[in-house]
Amino acid sequence: MRHVSGSLGLAGALVIWLALLGPVFALATHLSWSAIKSSLSAPGAFDPLVVSAESGAVTLGVLLLIGTPLAWALARGTLPFPRIWEIGVLATLLLPPLVIGLLLIFMIGPYTAIGQWLSHFNLSTTNTFLALVVAQVYEAAPYYVLGAQAAFASVDPRLEQQAALLGDGPLRAFRRVTVPLAAPGLAMALAVAWARAMGAFGAVVIIAYHPTGLPLQIWTSLNETGLPSALPFALVLLVVALPLPIAAYVWSARARGRRRG
Amino acid sequence: MLEVDVEVDRPRFTVRACLQIAPGQRLALFGPSGAGKTTLLEVIAGLVRPRRARITLGEVVLTSTESPVVALPPWQRRIGLLRQDPGLFPHLSVRDNLRYARSTATAGGAGGEARAELVSMALALGIDELLGSMPAKLSGGQAHRVALGRLLLSRCDALLLDEPYTGLDLSLRRTLTDLVISQVERRGVPAMLVAHELAEAQAFAHRLAVLDQGGVLQIGAPDEVVRRPASRRVAELVGYTAFVPVPISAATGSAGTELAGTVAGIHPDRIVAWRHDDKGLVLSGVVAACRPAGVLWEIRLRVAGMAVTARLPDPAPVGAEMVITVTDPPYFGPDGAAVSEHAQARR
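Note that this is a predicted model, so its numbers are computed, not measured. Along each chain, residues carry numbers from 1 onward, in the same order as the chain's sequence is written. Both sets of labels track the order of writing: A upward for chains, 1 upward for ligands. Under the rules for a predicted model, residues below a pLDDT of 70 receive no local features and side-chain atom pairs below 80 are neither given nor counted, while totals for whole chains, interfaces and linings still include all residues.

A.B. asks: Looking at this structure, I do not really get the environment of valine 24 of chain A. What am I missing?
C.D. replies: Only DSSP runs of H or I covering at least 4 residues are called helices, and only runs of E covering at least 2 are called strands; the numbering of each starts at the N terminus. Locating valine 24 of chain A in the fold gives a position in helix 1 (residues 2–30). When the C-alpha positions of valine 24 of chain A and leucine 235 of chain A are compared, they lie 9.2 Å apart, and in sequence the two are 211 residues distant.

A.B. asks: I'm lost on the pairing of strand 10 (residues 207–212) of chain B in this one. Help?
C.D. replies: Within a regular strand, the side chains alternate between the two sheet faces. Residues and elements named next belong to chain B. Each residue is classed by its C-beta neighbour count within 10 Å, where at least 20 other C-beta atoms makes it buried, 12 or fewer makes it exposed, and intermediate counts make it partly exposed; the C-beta atoms are placed from backbone geometry. With five of six residues buried, strand 10 lies mostly within the body of the structure. With four bridges connecting them, strand 3 (residues 26–30) and strand 10 associate as parallel partners. Note that in strand 10 the partner of leucine 27 across the bridge is arginine 207. Any two strands with at least two DSSP bridges between them are considered paired. By the bridge criterion, five bridges tie strand 10 to strand 11 (residues 215–220) in an arrangement that is antiparallel.

A.B. asks: Would you explain the pairing of strand 16 (residues 296–303) of chain B in this entry?
C.D. replies: Residues and elements named next belong to chain B. Two strands pair when backbone bridges link them, and strand 15 (residues 280–293) and strand 16 are joined in this way by seven bridges, in the antiparallel orientation. Opposite cysteine 290, over in strand 16, you have isoleucine 299 as the bridge partner. Linking strand 15 to strand 16, which pair antiparallel, is a turn of two residues; within it glycine 294 sits at a positive phi near 65°. Examined bridge by bridge, strand 16 and strand 17 (residues 306–312) share seven bridges and lie antiparallel to one another. Residue pairing across strands places leucine 301 opposite valine 308, the latter belonging to strand 17. Hairpin connection of strand 16 to strand 17: two residues between the antiparallel strands, including alanine 304 at a positive phi of 50°.

A.B. asks: How do you make sense of the sheet that holds strand 15 of chain B when you look at a structure like this?
C.D. replies: Two modes of strand pairing occur in sheets, parallel and antiparallel, and in both the strands are linked by backbone hydrogen bonds. All names here are of chain B. With antiparallel pairing, the five strands of this open sheet are ordered in space as 14-18-15-16-17. Lying at the two open borders of the sheet, with one neighbouring strand each, are strand 14 (271–273) and strand 17. Taken over all neighbouring pairs, the strand axes of this sheet differ in orientation by 45° on average, direction set aside. The sheet contact formed by strand 15 and strand 18 (residues 321–327) spans seven bridges and is antiparallel. Note on strand 18: the bridge partner recorded for serine 284 is valine 323. To get an axis, fit a line to the C-alpha atoms, keeping to the stretch in contact for a helix; angles then go from 0 to 180 degrees between the N-to-C directions.

A.B. asks: Sorry, what's going on with unusual backbone geometry here?
C.D. replies: Excluding glycine, residues mostly have negative phi values, and the peptide bonds linking residues are mostly trans. Of the consecutive residues histidine 210 of chain A and proline 211 of chain A, the connecting peptide bond is found in the cis state with omega at -10°. Note the cis peptide between serine 67 of chain B and proline 68 of chain B, where omega equals -5°. Position of proline 68 of chain B relative to the elements: it lies in the loop between strand 5 (60–64) and strand 6 (70–71). The phi dihedral of phenylalanine 81 of chain A falls on the positive side, at around 50°, and the residue is not glycine.

A.B. asks: I keep staring at the interface of chain A and chain B and nothing clicks. Help me out?
C.D. replies: When the parts come together, some accessible area is lost, and that loss is often what is quoted as the size of the interface. Across the boundary between the two partners, chain A contributes 17 residues, which contact 20 residues of chain B. Contributing elements (two or more residues each) for the side of chain A that touches chain B: helix 8 (157–165), helix 9 (170–198) and helix 13 (243–259) of chain A. Broken down by element, the residue count for the side of chain A that touches chain B peaks at six residues, all from helix 8 of chain A. Three residue categories are used. Nonpolar comprises Ala, Val, Leu, Ile, Met, Phe, Trp, Tyr, Cys and Pro, charged comprises Asp, Glu, Lys and Arg, and polar comprises the others, including Gly. Each residue belonging to the side of chain A that touches chain B can be placed in one class, and the counts come to seven nonpolar, five polar and five charged. Two residues qualify as being in contact provided that their C-beta atoms, derived from the backbone, are within 7 Å of each other.

All quantities given are derived from atomic positions and should not be read as evidence of function.
Pasting the structure below:
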């Protein structure tokens, strides 16, 4: 009886696993070498890749800079009314990306106060690289902040206190104790944020149709020339977006393993 | 010299203490759980904010709630605190944990001398073969030794030890206590130990402070505190298990009024069998129970309706009449305070 239930459990898990990976299998079986060659050999075919990679890197930088302190403060409960702050982070996670894009128009569009202020510096938050970064930040930020918050919360505050007793000021203790201990979780949060930024579409299509990144290239290829010409760009997007999360996962697992000795 | 004068509000009481520890001197804080011992150490280390305090270490004011207000953060106090939880950094090897504070002090410039000191400390603690191990692989005793080594290798000017040996076997406790004592003497720094067990506190300290409900009840040489408790409560805390009324025959004459309501403190280890009138208070009772306690026998007597425990070298049959002498017992008046030597002499 136990053997049968074990086999049924395994079969069920396998079905779910195959279903989850189904789209990847479909991509692999429907791609032809000739379609890849013709799509990617066109002039400027790799421009969307460059745009996505550059904007994704800038987005990660912004998230590291503004998301890390916020995540740390949320984890340590140093902010007043912590639930209010968490709701703010969750709101960007719960709002549909398309809605975020629409609302960003009202917040930072060219006719808003922020938009007009930016125009003094010849900056615009619609259809520019800056707009693309803003859209990606909004789509990826909650994934990074919540992941980093969990990573910081997993660090025992008594260890930071111990570092202080051994002579480390707050910044030094943060660098020598908090960050190394939170690093596996931070790496995973950053990797997920990267994947979200690279695949950002909903908000991007509203405020940053240009410059064209990979998700928009897939969308326009699908609309203009059909599914076969869109699939090669989907492959490129996966090839660019997935290695970092996979590497982060492997590194995190190894780091945790090293701590276990 | 570490000088501490603090008042800290806790949920149930206020911790009040005024202590001085000279360089190279060792003070043990002894008392029941929740007496405020750990709070006191945490205030000195700068982890807990006091209501009123003046704490100085040498010429440096660490905390002062009076003008000019001073509250040095923990990392500037140069005070080492070792807690019950070893608090090893799990991402660093034993070697890196040991040199953690050293690299803080010298900005990573640990030279050959520091390396030699680290190896020498590891040898003294018996952890020299664990230097490459990660903390997760250590046993509880090994982790405590590493934490102690890390503390002793740090460049602190005072040592605070908060029940650091809990859960360790007796021989390891003795080894670690001897090591700490030798380091305190060599470096000439003041040291404080919070201990839950009296023997541990006695083995460590020049002076023993008994804390209860946030207050220092008595402070003095360990032997003096144990043999001459200042109050019945101190006596209870240092192991006196029974308090018997002084016999009427002893309370007659001119001292009769003064000794009314006086009790004698009975410590199980300060009892000898048979009558020895010249040694102390003679009691007789019936053996209620007798069971082994190490190399001795723990005998429970019923004396005038009260239970008196004695640890003696020989067993006694249950139900037998037995006469014992409580050697030089302390006496306490009705208010719980120790009766003066003069009154005892008159007894």
